[in-house]
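# Close look at the chain arrangement
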Amino acid sequence: MVGHWSTALTVCLLALSSDASPLETEKLAKRAPPFNYNGQKVRGVNTGGWFVLEPWITPSIFEGNSAKDEWTLTELLGKDAAKSRLQDHWDSWITHDDFNQMAKAGLNHVRIPIGYWSVIAREGEPYVEGAYDKLGEALDWANNAGLKVMIDLHGAPESQNGFDNSGKYGNVGWTQGDSIEHTIKVLNKIRDDHASHPAVSSIQLLNEPLGPNLDMNTVRQFYMDGWGNLKDSNVAVAFHDAFQGVTSWGNWGAGMWNLLLDTHHYEIFTTDAVTMSIDDHIKTACDFGNQMASTGKWTISGEWTGGITDCAKWLNGKDKGARYDGSFGGGSKIGNCTGKSTGSVAGLSEADKSNVGRFIEAQLDAYEKAAGWIFWTWKTEGAPEWDMKDLLANGIFPQPLTARKYPGQCG
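Everything numeric in this text was worked out from a predicted model, so none of it was measured.

Overall, the coordinates contain 29 aromatic pairs when judged by the stated rule. Pairing Phe-163 with Phe-243 gives two aromatic rings, centres 6.4 Å apart and planes at 80 degrees, and the pair type is edge-to-face. Of this pair, Phe-163 sits in the loop between β3 (148-155) and α9 (179-194) while Phe-243 sits in the loop between β5 (236-240) and β6 (259-264), and the two are 80 residues apart along the sequence. Between Trp-304 and Phe-397, the aromatic rings sit 6.1 Å apart at their centres with planes inclined by 40 degrees, giving tilted as the arrangement. In this pair, Trp-304 is assigned in the loop between β7 (298-303) and α13 (350-367) and Phe-397 in the segment after α14 (388-393), connecting sequence segments 93 residues apart. Of the two residues examined, Trp-304 and Phe-397, each falls in the buried class. Here the aromatic cluster, defined as three or more aromatic residues joined through ring pairs, consists of Trp-174, Phe-222, Tyr-223, Phe-239, Trp-249 and Trp-252. Looking at Lys-379, its charged tip hangs above the ring of Trp-93, at a distance of 4.2 Å from the centre.

Tallied over the full model, the rule gives 2 disulfides. Put simply, Cys-286 and Cys-410 are joined by a disulfide, and their sulfur atoms are 2.0 Å apart. Taking the sign of the torsion about the S-S bond as the criterion, the disulfide between Cys-286 and Cys-410, at about -80 degrees, is left-handed. One end of the pair, Cys-286, is in helix α12 (residues 278-292); the other, Cys-410, is in the segment after α14, and 124 residues separate them in sequence. Across the pair, exposure class does not vary: Cys-286 and Cys-410 are buried alike. Each sulfur in the disulfide pair Cys-311 and Cys-337 lies 2.0 Å from the other.

A separate point is the environment of Gly-64. In this fold, Gly-64 is placed in the loop between α3 (59-62) and α4 (70-77). According to the relative accessible area criterion, Gly-64 is exposed, its value standing at 88%. When the C-alpha positions of Gly-64 and Pro-384 are compared, they lie 23 Å apart, and in sequence the two are 320 residues distant.

A few words now on α9. Helical geometry note: an α-helix holds 3.6 residues per turn, so side chains three or four residues apart project in the same direction. Along its 16 residues, α9 runs 22 Å from first to last C-alpha, staying within 8% of the 22 Å computed at 1.5 Å per residue. For α9, the secondary structure elements touched by its buried residues are α7 (116-119), α8 (131-145), β3, β4 (200-204) and α10 (216-230).

Think of a sheet as strands paired side by side through backbone hydrogen bonds, with each pair either parallel or antiparallel. Read around the barrel, 8 strands follow the order β1-β2-β3-β4-β5-β6-β7-β8 and close on themselves; strand pairing throughout is parallel. Direction aside, neighbouring strands of the sheet carry axes that sit 25 degrees apart on average. Here strand β1 (residues 42-46) runs beside strand β2 (residues 109-115); their pairing, made up of 3 bridges, is parallel. Directly across from Val-45, in β2, lies its bridge partner Val-110. Of the strands in this sheet, β4, β5 and β6 are in contact with α10, which crosses β5 at around 165 degrees. Helix-sheet contacts for α12 involve β6, β7 and β8 (372-375), and the interaxial angle to β7 is about 140 degrees.

Here we take up the environment of Pro-113. As for its position among the elements, Pro-113 is in strand β2. Expressed as a C-alpha distance, the spacing of Pro-113 and Leu-206, which sit 93 residues apart in the sequence, is 9.7 Å. Excluding anything up to four places from it in sequence, Pro-113 contacts Asn-46, Thr-47, Phe-51, Val-52, Asp-152, His-154 and Trp-376.

All told, the structure shown has 21 salt bridges when counted by the stated rule. For Lys-283, the salt bridge is made with Asp-287, and the minimal N-O distance between the two is 2.9 Å. On the criterion of helical spacing, the pair formed by Lys-283 and Asp-287 is a turn pair, its members being 4 residues apart in helix α12. By relative accessible area, Asp-287 is classed as partly exposed at 34%. The closest approach of N and O atoms between Asp-310 and Arg-323, which form a salt bridge, is 3.1 Å. Within this pair, whereas Asp-310 is found in the loop between β7 and α13, its partner Arg-323 is found in the loop between β7 and α13, the two being separated by 13 residues in sequence. We classify Asp-310 as buried; its relative accessible area is 0%.

Attention now goes to the packing of α4 against helix α5 (residues 79-92). Taken N-terminus to C-terminus, the directions of α4 and α5 make an angle of 125 degrees; their axes are 6 Å apart at the nearest point. In this view, α4 runs oblique relative to α5, as classed from their interaxial angle. When α4 is examined against α5, the residues Glu-70, Leu-73, Thr-74 and Leu-77 are found in contact with a partner set consisting of Lys-79, Ala-81, Ala-82, Arg-85 and Leu-86. Of the residues in the contact of α4 with α5, the class split is 5 nonpolar, 1 polar and 3 charged.

Moving on, we get to the nonpolar core. Counting 112 residues, the largest nonpolar core has Trp-50, Trp-56, Phe-99, Tyr-223, Trp-373, Met-388 and Phe-397 as its most contacted members. When residues of this core are assigned to their parent elements, the largest contribution, 8 residues, is made by α8. Counting 11 residues, the second-largest nonpolar core is a separate cluster that includes Phe-35, Tyr-37, Ala-238 and Trp-298.

The end-to-end C-alpha distance of α5 is 20 Å, a good match for the 20 Å that 14 residues give at a rise of 1.5 Å each. Buried within α5 we find Ala-82, Leu-86, His-89 and Trp-90. One side of α5 holds all its buried residues, which, seen down the axis, span an arc of 95 degrees. Where α5 is buried, its residues meet α3, α4 and α8.

Thresholds, definitions, all that
Residues numbered from 1 in each chain as written. Predicted model: local features only at pLDDT ≥ 70, side-chain atom pairs only at ≥ 80, totals over all residues. Heavy atoms only, no water. Phe/Tyr/Trp six-rings, centres within 6.5 Å; stacked < 30°, edge-to-face > 60°. Helix = DSSP H or I, 4+ residues; strand = E, 2+ residues; numbered from the N terminus. Buried < 20%, exposed > 50% of the residue type's maximum accessible area, 1.4 Å probe, protein only. Lys NZ or Arg CZ within 6 Å of the ring centre and 35° of its normal. Disulfide = S-S within 2.5 Å. Expected span 1.5 Å × (residues − 1). Contact = heavy atoms within 4.5 Å. Pairing = 2+ DSSP bridges. Axes fitted to C-alpha atoms, helices over the stretch in contact; angles between N-to-C directions. Salt bridge = Lys/Arg side-chain N within 4 Å of Asp/Glu carboxyl O. Parallel < 35°, antiparallel > 145°, perpendicular 65-115°, else oblique. Nonpolar A, V, L, I, M, F, W, Y, C, P; charged D, E, K, R; others polar. Core = buried A, V, L, I, M, F, W, Y, C linked by side-chain atoms within 4.5 Å. Arc of directions from axis to C-beta.

What follows is the structure, given as structure tokens:
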């Protein structure tokens with residue numbers, strides 16, 4: 001791929017120059033992340049729904065109550081009951097054995113989403129703490145399994161996107177009040193506590209800030225300030241494209257090193273997208289891989305799915321339907337969600353299994369034109385198009401990861 005110069009090359013050039021002191025050379029060498037983002041492809045998976053709840057990933061936690069996100073769940077339960085319920089979830093949803101299974105499948109990265117409230121709580125909010133301690137355990141599990149970790153700040157104060165996966169569904173309030181200042185404090189604590197951990201290869205400044213609803217000058221300044229605080233750590237500093245398009249960041253970041261551009265590619269969140277044929281889905285993914293490869297930066301698809309429908313129960317929000325079957329947004333019915341909204345990969349039709357497999361393989365090829373990929377997500381309670389563990393068990397996600405039942409889809 002067309003990437004920025006490797007840190008190693010920069011070190012060599014500086015060492016050869018008359019201006020480079022041994023100390024400067026040593027400092028630059030220390031900045032090299034513990035994963036070679038120039039020479040190796042990122043092949044990873046997200047631990048979605050673990051430290052930041054999402055109703056569609058773990059609907060059992062949200063059944064029979066009015067909660068629609070982690071904020072309203074903890075508010076509803078109260079501190080003691082919420083802490084007990086969530087501690088059980090943190091201890092059981094992902095375990096040491098899951099990390100071993102990820103490594104066995106050939107993965108080399110795990111992206112671990114966490115909310116600001118788990119790192120530094122804000123007074124007067126209903127959230128409960130404890131996930132941050134479990135994150136520390138998870139880093140050791142990853143290291144034992146030979147996996148590298150991207151710690152992903154998935155939720156910011158006042159919500160950076162209004163999605164339930166930010167912790168708080170509704171208003172986009174991030175950048176107001178002290179929300180950016182608190183976000184920076186959280187990132188600095190993650191840096192101080194974990195940037196030197198041997199498993200940590202990247203820290204993501206913020207997941208999916210909703211650029212169209214925010215002042216992008218403010219977002220870019222936050223990225224620069226966040227990078228400035230992390231630049232002397234030996235981690236890649238990941239930043240999301242803020243829904244500006246993956247090719248819109250080419251002229252940004254001059255003079256900054258170890259930048260990792262993260263883009264999330266889904267083809268299901270508009271009516272036009274879920275109407276596409278499988279061949280159109282594949283062509284779109286392949287074209288997107290070409291865009292990713294053209295950015296001039298290390299670029300990954302840090303979230304993507306096997307899903308070619310939005311059928312998974314509550315994917316569009318708790319108690320909301322799907323575009324695909326016409327039960328969301330009042331659109332016309334495109335197809336049937338039976339077997340796709342809940343259940344297992346084994347329960348999918350043979351046609352669906354084939355289409356999901358083709359789509360996954362095309363995306364693997366597309367994103368490895370750039371720096372690689374991190375699938376969303378490792379496990380669910382019953383969203384078959386999204387559940388990597390289940391897709392692997394049923395032979396839909398390729399093993400080894402370079403194997404192809406449908407070769408040459410991206411040319």
